[in-house]
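In case you want the letters, here they are:
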Amino acid sequence: GSASRYDFVIVGGGTSGLVVANRLSEMKGYTVAVIEAGDSVFGNANVTDVTGYGRSFGTKIDWAYLTENQTYAGGKQQIMRAGKAIGGTSAINGMSYTRAETVQIDLWEKVGNKGWNWRTLFPYYQKSEGFQVPTSDKIGDGADYYIGYHGERGPLKVGWPKMMTNGSVLPILDETFSELGVPYNRDVNGGNMVGLTSHPNTVDRDANIREDAARAYFWPFENRHNLKIISNTLAKKIVWDNNSDDLAVAIGVEVTGPDGNEVIYASKEVILSAGSLKSSVILELSGIGNPDILDKHNIPVKVNLPTVGENLQDQTNNGLSYAGEEFWIGGPTFSALPSAEQIYGNRVSGIASSIKSSLEDYAKAVSNSSNGAVQEAHLLEAFQLQHDLIFKSRVPYAEIVFLPIGHSFSSEYWPLLPFSRGSIHIQSADSFKPASINPNYFRFEQDLDAQAEMAKFIRKAFGTAPLSQFVGEEFAPGLDRVSENASDSTWRSWVKSNYRSNFHPVGTASMLPRDKGGVVSPELKVYGTKNVRVIDASVLPFQLCGHLTSTLYAVAEMASDLIKKRYIF
Ligand code: FAD
């Protein structure tokens, strides 16, 4: 095709990429192109239907990345889902809108990312949000909020679905969980997340459809003359000019689209927003990464940055389900976020000190798996901070989602802060070949123990009044499979043969100081480059207690402002 030139070229028109495209194209004198492998899903019912969670799985809009066999977690491969569409993963996700703990965002600054803390990020959560104040019937069904936490003028519609589950469910859960020591939390989006809550969703309540990044940030702006989406087009690697001041200088991106191969040129910056299972892969294909890995595939080393693709952090999800004594309809938004103390009870301090004494071993093991690319000392610091979050700051240690649907009452849950870390690396210089993804699920004893312990806690909750009066037989795991007084090893083997990825991978291009193993700076600039950034879930240095999109929208908003500051005077 004929050469195309833009000021900014964004790779990936997903959750984060479309925010950046929108905000940068507000600068009238600059042109912005977005390269997206997927297509429009504007009219795709598998996307828009607010009760259609899961319908797009396995269809052409799901990348369905496969992991390596999970050695510590039953030996099998796992599917890691991600959206391949204009809108990215926000077009296929569960729509839950929950942010993070204040202390968790403050850690970003504490480890050396100047300017990134809860206080600086909070206005950007609000800037992105178009909160739809619940009507009185929704409040009757359990919608609850503090208006001061929310933004009402942002592009992203957030609220409760038109059809909410019958209002009797929340009081039942509330009474049950306060019996178990878990308090009610009116609004988890103010930075304190422990408790039982009815959280909002990314949903257009009045239209009764999913709100995704495309509906919020792209379609209403698609006619901006300086904003162009190049869809059905795979970005392969960055094209480089000669170095300037020892820094790598990007001049464009090599792509394969409907018209074949071409280069999309960028005169200012290339921004990777391809998601945490792709942006780091594009860096490696472009010569930025661990020389040992690049050499193996004859890729010339542009920047020696050995932690690219390391520090992959995901969570693991299991479910328990019961027969329901009633028939429930509507979109459930109830979840419980108990702390470690609430789950482990008076055993918590013993658990805390036993984990503490394992942290050095954890750090050693992860560092060894990376062949030393990630330094033990850096991992140990991260693990100690994580330990403090769990046991000193007492952030939530699990999320339990309640799904009273039809004649069943199910739950899904995941430990929020596992210690296991893995990696993603290229296996070929060919951009069409899949990368090797290894999250190392349940690598550490504590991660598996937590997964099993939380299942027991949930069974206990379903056996506690008044919730116990509304459910019957346990379908999963079922008492025949895991009996009332089953051993830890029985629980663990059930966990390992039934878990899935929780689809929250982060960290593969972590924002950290370079001498602490970071890939991007606090300006989200890739170290050693003049004009390449990563803006997506890859840059989150640590896993979060919230679902990811709310924070990704906020990070992308804040990053856009950082970029704009350099171009508007
Ligand atoms: P993405 O939104 O994935 O964007 C990346 C984009 O880049 C995609 O559009 C992709 O097609 C494109 N791309 C990739 N490679 C290339 C290439 N080489 N060339 C061109 N384009 C490319 N979060 C929540 O907040 N609430 C939830 O309820 C929730 N549930 C989830 C349920 C599921 C099934 C999944 C998979 C995730 C869920 N998440 C949820 C997580 C959340 O949706 C993601 O973390 C988030 O959307 C990721 O945003 P991102 O910007 O990092 O990447």
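Draft legend 1. Highlighting empty space enclosed by the protein. Following the criterion strictly, the structure yields three cavities of 30 Å³ or more and no others. Put simply, the largest cavity is a space of about 130 Å³. Lining the largest cavity are 13 residues, with H378, A382, L512, K516 and F542 positioned closest to its centre. Residue classes in the lining of the largest cavity are distributed as eight nonpolar, two polar and three charged. Taken as a whole, the second largest cavity holds about 100 Å³ of empty space. As for the second largest cavity, its lining consists of 13 residues, of which Q313, Q386, L417, F542 and Q543 are closest to the centre. At the level of elements, α3 (102–110) and α13 (376–391) are the ones that each hand at least two residues to the lining of the second largest cavity. Looking at which element gives the most residues to the lining of the second largest cavity, the answer is α13, with four residues. Within the lining of the second largest cavity, the residues separate by chemical class into seven nonpolar, five polar and one charged.

Draft legend 2. Quick look at the packing of aromatic side chains. Under the criterion given, the structure shown has 30 aromatic pairs. Taking 6.1 Å as the distance between ring centres and 55 degrees as the angle between the ring planes, the aromatic pair formed by W108 and W116 counts as tilted. When sorted by exposure, W108 lands in the same class as W116, which is buried. Connected via pairs of aromatic rings, a cluster forms that spans F177, Y322, W328, F402, F409, F457 and F462.

Draft legend 3. A look at the pattern of salt bridges. This model, assessed by the stated rule, comprises 26 salt bridges. Note that E26 is salt-bridged to K564, the shortest N-O span being 2.6 Å. With E26 in the loop between α1 (15–24) and β2 (32–35) and K564 in helix α16 (residues 548–567), this pair connects stretches of sequence that are 538 residues apart. The exposure class of E26 is partly exposed, given its relative accessible area of 32%. One salt bridge connects E269 with R533, and the closest N-O pair in it is separated by 2.7 Å. Taken as a pair, E269 in strand β13 (residues 260–272) and R533 in strand β23 (residues 532–534) lie far apart in primary sequence, 264 residues in all. Both residues of the pair, E269 and R533, belong to the buried class. Each of R23, E26, K127, E557, D561 and K564 takes part in one network of salt bridges that share partners.

Draft legend 4. Quick look at helix α6 (residues 169–179). Turning to α6, its buried residues number three or more, namely V169, L170, I172, L173, T176 and F177. Along the axis of α6, the buried positions cluster into a sector of 160 degrees, meaning they face one direction only. Those residues of α6 that are exposed and aimed more than 90 degrees away from the buried face are E175 and E179. The secondary structure elements touched by the buried residues of α6 are β7 (195–198), β16 (316–328), β17 (334–337), β18 (398–415) and α14 (445–462). Within two residues after α6, G181 carries a phi angle of roughly 85 degrees, on the positive side.

Draft legend 5. The arrangement of the environment of S56 in detail. Within the fold, S56 resides in the loop between α2 (45–48) and β3 (65–66). Taking the C-alpha atoms as reference, S56 lies 24 Å from H407; in sequence the two are 351 residues apart.

Draft legend 6. How the structure looks around the site of the ligand. What surrounds the ligand is a group of 38 residues, the closest being T15, S16, E36, T89 and T549. Note that an oxygen atom of the ligand is positioned 2.6 Å from one of the side-chain N or O atoms of E36. A distance of 3.4 Å is found between an oxygen atom of the ligand and a backbone nitrogen or oxygen belonging to L548. Considered on its own, the ligand offers 1,000 Å² of accessible surface; in the complex 97% of this is hidden by protein. When residues of the shell around the ligand are assigned to their parent elements, the largest contribution, three residues, is made by α16. For the shell around the ligand, a count of residues per class yields 15 nonpolar, 18 polar and five charged.

Parameters and conventions
Per chain, residues are indexed from 1 in the order of the written sequence. Since the coordinates come from a predicted model, pLDDT governs what is reported: local features require at least 70, and pairs of side-chain atoms require 80 or more to be given and counted, while whole-chain, interface and lining totals use all residues. Excluded from the side-chain calculations are hydrogens and water; all other atoms, namely the structure's heavy atoms, are used. Think of a 1 Å grid over the protein atoms and nothing else: a 1.4 Å probe that fits but is trapped marks a cavity, an open set flanked by protein within 12 Å on at least five of seven lines marks a pocket, and residues with an atom within 4 Å of a point count as lining. Grid points are joined across faces, edges and corners, and a volume is the space filled by probe spheres set on the points. Basically, the charged four are Asp, Glu, Lys and Arg, the nonpolar ten are Ala, Val, Leu, Ile, Met, Phe, Trp, Tyr, Cys and Pro, and anything else, Gly included, counts as polar. Counting from the N terminus, the helices are the DSSP runs of H or I reaching at least four residues and the strands are the DSSP runs of E reaching at least two. The criterion for an aromatic pair is that two Phe, Tyr or Trp rings (for Trp, the six-membered ring) have centres within 6.5 Å, with stacked assigned to planes under 30 degrees apart, edge-to-face to planes over 60 apart and tilted to the rest. Residue exposure (1.4 Å probe, protein chains only): buried if accessible area is under 20% of the type maximum, exposed if over 50%, otherwise partly exposed. For this analysis, a salt bridge means a side-chain nitrogen from Lys or Arg found within 4 Å of a carboxyl oxygen belonging to Asp or Glu. Taking the helix axis as origin, the arc is that swept by the directions to the C-beta atoms. Working rule for contacts: check all heavy atoms of both residues, and any pair within 4.5 Å makes them a contact. Here, proximity means that at least one heavy atom of the residue falls within 4 Å of the molecule or strand. By the criterion applied in these results, polar contacts are pairs of N or O atoms within 3.5 Å in which, for protein atoms, one can donate a hydrogen and the other can accept it, and in which residues neighboring in sequence qualify only through two side-chain atoms. To be clear on the numbers: accessible area is Shrake-Rupley with a 1.4 Å probe, and residue cover counts the displayed protein chains and nothing else.

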